[in-house]
Every structure is written in C-alpha cells, then in structure tokens.
Amino acid sequence: FARMFVQVCLYFYCKCLWRCLKFVVRKLTGRCELQRICCNTKPGAARTMKIEASLKGSKSKRLQTSISVHPDAIEKTIDDIMELKRINPDINPQLGVSLQACLLQIVGYRNLIAEVEKLRREPYDSENLQHEEMLLKLWKCLKPNSPLKARISKQWCEIGFQGDDPKTDFRGMGLLGLYNLVYFAEWDTEIAQQVLSDSLQPKYREVTKKELSQFSKAEWEKKKFDKAIGYSFAIVGINITDLAYNLLVSGALKTHFYNVAPEAPTLTHFQQTFC
C-alpha cells in the first residue's frame, strides 16, 4: 500500500504539480526551463544531462524528438526550439550556442553507440586484408623486436591470445576488441608494452611484518609456496572492451563523455576510455 501511495503521489507530481510549478517559475523569471538551465549551469555533463532530461520530459513531441535528430539537422532543430519557446535569438544569442553544444553531445552519444555496436557485430575475417593488417600491426607494436614467424603460430600466446590463431578470440566483441587493442598499442605504445610485460612477469607483493605476525605456521607455508599468477593481455583487453561497451550502452559513460568531449563524443573518446 505504501509503495502504491508513493507511486500515485509521484505520478500526480510529475503530471500536474511539476508542470504547474514550471509555469509559475517561467512567469516569475521570464525564462523557460531551457534558458534557466543554460544560464545557471556551467557547460559540461551537468548542463547537458539537464537539457536532455528537459527535452525528454517535454509535452511537445517536437522537443522530445530533438534529441534524436541527424547531426546535420541540429541547427534547424535549434531554430525550431527557439520558435516553439518564443525566444528571440537576437536578444538571447548565447542560448542558441549553448543548446547547440548540448545537442551535439546528446546526438553524438547516440551515434557513438550505433558506431560501436556496428564494430561489435562485425566478425573478424581472416580473408579481409584490412583485418589482417590490423592484427599484424598489434603484434608489431607490442613485440617490435620479435618478428612473427607465421600467421598461425604459438607466438600469439605471448601477447595473451588463447591459441595459435587469434581470430577465434574475437567472437564475443568482434572487430571492436581488435580496434581497442590496436589503439592502445599504437596510441600509448610504451605503457601497452609495460602492461604486457607485467602480465607475463607478475611481481610478488611484499608481506609486511604486521601481516607476517598474523599468519599461522600452516598459512605461512602456503603463502611461501604460492606462485604469482599472470593474465592473458589480449583476452583481458577484450573483456575490458566488453565492460566499456556495456557502460556505454547503459548510459553510465554519459557523464564522462559530456565532460571530456566539447561537442560530439567519437570512437576515439571511447577508445581512450578503454585505455
């Protein structure tokens, strides 16, 4: 009963009281909600997410659909919003600029999801020369001093693939996994090589005196013979790609991208987040 009562109150508030409150505030301030957001909130994720929520929650279909327009139609969409809200662009020139920046980020995020999804769905094709070149580039960036003896080779295990042909490891994330690994190896080669080295040669953690005093003799004997376990660089990279993909699709990366991308977030922003 309590849950039902709260839901009814929320529904009544959203449908009636909230719209009445917005109407009263507009009459008192002389500004619509979009104007108030742009004036009172600094550029970045906070402003863009408020603008997005305002457009989504609008009773006007034109405003609701403005967050899913084609990037080329954003300027026309801004003009429509200004006309619908009866805002004079000559008196409020900065509002149009602010709305355009926010819409570029909102529309760009949706387009980025589509681009990432397309790469994820595209399988690795060993007959595709471009795919093969990217795979060989990954090897050259990570192991510049060790020539690959053959396309199908146990050497691939040295950079963390499971078998002698890496194509089978890209099934889950498709080309997206390869794109991210190549970007990391090429964009920050020194760090990528260090991470690969650490994955192959994990370091023991020093045991402090305090920890040592808390071990029983049996526990200490077990600790003493525990072996440090590494990880498969490429496989872990593909798993992290899966994590980044799910964060992107769920919207959890919106705050980050709206802060780092002044306009539309791109695939490069996604790959840098992966790195």
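None of these values were measured; they are calculated from a predicted model. (Residues numbered from 1 in each chain as written. Predicted model: local features only at pLDDT ≥ 70, side-chain atom pairs only at ≥ 80, totals over all residues. Heavy atoms only, no water.)

(A) Just the overall build of the protein chain, in detail. Tallying secondary structure elements over the protein chain gives 14 helices and zero strands in all. Listing the helices and strands of the protein chain from first to last along the sequence gives α-α-α-α-α-α-α-α-α-α-α-α-α-α. Counting over 275 residues, the protein chain shows a buried share of 36%. Long-range pairs, those at least 24 residues apart, make up 64% of the contacts in the protein chain with a sequence separation of at least 6. Of the roughly 17400 Å² that the protein chain leaves accessible, carbon and sulfur atoms contribute 56%. (Helix = DSSP H or I, 4+ residues; strand = E, 2+ residues; numbered from the N terminus. Buried < 20%, exposed > 50% of the residue type's maximum accessible area, 1.4 Å probe, protein only. Contact = heavy atoms within 4.5 Å. Areas by Shrake-Rupley, 256 points an atom, 1.4 Å probe, with all protein chains shown as cover.)

(B) Spotlight on the pattern of salt bridges. Counted by the stated rule, this structure contains 10 salt bridges. Here lysine 76 makes a salt bridge to aspartate 80, at a shortest N to O gap of 3.0 Å. Within this pair, lysine 76 and its partner aspartate 80 are both found in helix H5 (residues 74–84), separated by four residues, close to a single helical turn. When its relative accessible area of 51% is taken as the criterion, lysine 76 is described as exposed. Exposure remark for aspartate 80: the relative accessible area of 22% places this residue in the partly exposed category. Here the salt bridges share partners, and the residues they tie into one network are Glu52, Lys56 and Lys254. (Salt bridge = Lys/Arg side-chain N within 4 Å of Asp/Glu carboxyl O.)

(C) A look at H5. Looking at H5, one finds that the buried residues are Ile74, Thr77, Ile78, Ile81 and Met82. Burial along H5 is one-sided: seen end-on, the buried residues are contained in an arc of 140 degrees. Facing away from the buried side of H5 by more than 90 degrees, the exposed set consists of Glu75, Lys76 and Glu83. Looking at the buried residues of H5, the elements they touch are helix H2 (33–40), helix H3 (45–56), helix H4 (61–64) and helix H6 (93–121). Of the residues flanking the end of H5, it is arginine 86, one or two places downstream, whose phi is positive at about 55 degrees. (Arc of directions from axis to C-beta.)

(D) A nonpolar patch on the surface, seen in detail. A surface patch of nonpolar side chains, amounting to about 500 Å² of accessible area, comprises Phe1, Phe5, Val6 and Leu10. Among the structural elements, leucine 10 can be located in helix H1 (residues 2–29). (Patch = residues over 30% accessible without salt bridge, like charges linked within 9 Å, V, L, I, M, F, W, Y side chains within 5 Å.)

(E) Representation of the confidence of the model for the protein chain in the model. Chain-level pLDDT for the protein chain is 86 on average; 83% of the residues reach the 70-or-more range. Within the protein chain, helix H11 (residues 217–225) has the poorest average pLDDT of any element, 59, and helix H12 (residues 233–250) the best, 97. (pLDDT = per-residue confidence, 0-100.)

(F) Representation of the nonpolar core within the structure. One finds Ile51, Leu138, Leu178 and Phe270 to be the most contacted residues of the largest nonpolar core, which totals 59 residues. Ignoring any residue separated from it by four or fewer positions in sequence, one finds phenylalanine 270 in contact with Leu112, Val116, Leu176, Asn180, Ala244, Tyr245, Leu248 and Phe257. (Core = buried A, V, L, I, M, F, W, Y, C linked by side-chain atoms within 4.5 Å.)

(G) Structural view of unusual backbone geometry. One non-glycine residue, arginine 86, lies in the positive phi region at around 55 degrees. Mapped onto the elements, arginine 86 comes out in the loop between H5 and H6.

(H) Structural view of the side chain of serine 98. One can find serine 98 in helix H6. Separated by 3.4 Å, the side chains of serine 98 and arginine 47 make a polar contact. (Polar contact = N/O pair within 3.5 Å; in protein donor to acceptor, adjacent residues only side chain to side chain.)

(I) Structural detail: the packing of H6 against helix H8 (residues 174–187). In contact at an axis separation of 3 Å, H6 and H8 are set at 105 degrees when each is read in the N-to-C sense. Considered as vectors, H6 and H8 are oriented roughly perpendicular to each other. Seen from H6, the contacting residues are Val116, Leu119 and Arg120; seen from H8, they are Gly174, Leu175, Leu176 and Tyr179. (Axes fitted to C-alpha atoms, helices over the stretch in contact; angles between N-to-C directions. Parallel < 35°, antiparallel > 145°, perpendicular 65-115°, else oblique.)

(J) Spatial organisation of helix H7 (residues 129–142). In a regular helix each residue adds 1.5 Å, so 14 residues correspond to 20 Å; H7 covers 20 Å between its end C-alpha atoms and thus fits that length. Listed as buried for H7 are His131, Glu132, Met134, Leu135, Leu138, Trp139, Cys141 and Leu142. If you follow the buried residues of H7, they end up packed against H8, helix H9 (189–200) and H12. You can read the cap of H7 off the contacts: a side-chain oxygen lies 2.9 Å from the backbone nitrogen of glutamine 130, and it is on asparagine 128. (Expected span 1.5 Å × (residues − 1).)

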